[in-house]
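Understanding the architecture of this molecule
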Amino acid sequence: TKQVYLRLIALPKTPTNEDENDDNQTWWKKITSAKPLRAWTQALPHMDDMREHSAEIKVDALPQGKYVLLASGQPNFSLDSNALCAASFYVSNISYVSSENQYFILDRNSGKPLAGAKVQLWRYNYDYNARRNISTKDELLIADKNGLVTLTTLDEKYRRQGNYQLEI
């Protein structure tokens, strides 16, 4: 494709967004019909070598929050016969560095530890009866003077599968 059509959509700030539990088709209908915060078109370099390529696309600064960047091969963002992709992301002044079950919570700008930061662990388990992931609140941790928290209830299975989320 020579160009991609983009929409930036702001999402509710709740850590457990119920829309994420919608079935695939329902979620795509909601996200493609949501009012975008911004919309634009990005030209792409033309390559005819039939290989996979990547490109960087600039997104102007955003306030803190949760967003979805939606990309489409067609300007109408149709769900039929159209290439669509979505990437969700957060904008925050908080960063972290992790190793296994230890997390250092840091100020993104200065790199200094965020002593006293509250870290809520959420687990996600698939409920076969409801046919969707169910989020469950787990332990609440407070970062020490070095910004360190250690997840004590998170076992290897959850870490390996990525079935958890941290709300900092």
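Now for a look at the structure at hand. (Residues numbered from 1 in each chain as written. Predicted model: local features only at pLDDT ≥ 70, side-chain atom pairs only at ≥ 80, totals over all residues. Heavy atoms only, no water.)

1. Let's talk about the pattern of salt bridges
- This structure, assessed with the given rule, holds two salt bridges.
- D60 is the partner of K58 in a salt bridge, and the nearest nitrogen-oxygen pair spans 2.4 Å.
- Between R123 and D138 there is a salt bridge whose closest N-O contact spans 2.3 Å. Taken as a pair, R123 in strand β7 (residues 118-127) and D138 in strand β8 (residues 132-142) lie far apart in primary sequence, 15 residues in all.
- Overall, the relative accessible area of 12% leaves R123 in the buried class.
- Judged by its relative accessible area of 23%, D138 falls in the partly exposed class. (Salt bridge = Lys/Arg side-chain N within 4 Å of Asp/Glu carboxyl O. Helix = DSSP H or I, 4+ residues; strand = E, 2+ residues; numbered from the N terminus. Buried < 20%, exposed > 50% of the residue type's maximum accessible area, 1.4 Å probe, protein only.)

2. A look at the pairing of strand β5 (residues 94-99)
- One ladder, built from six bridges, connects β5 with strand β6 (residues 102-107); its direction is antiparallel. Considered in β6, the bridge of I94 is made with D107.
- The antiparallel pairing of β5 with β6 creates a hairpin that spans two residues between the two strands, and E100 there sits at a positive phi of about 60°. (Pairing = 2+ DSSP bridges.)

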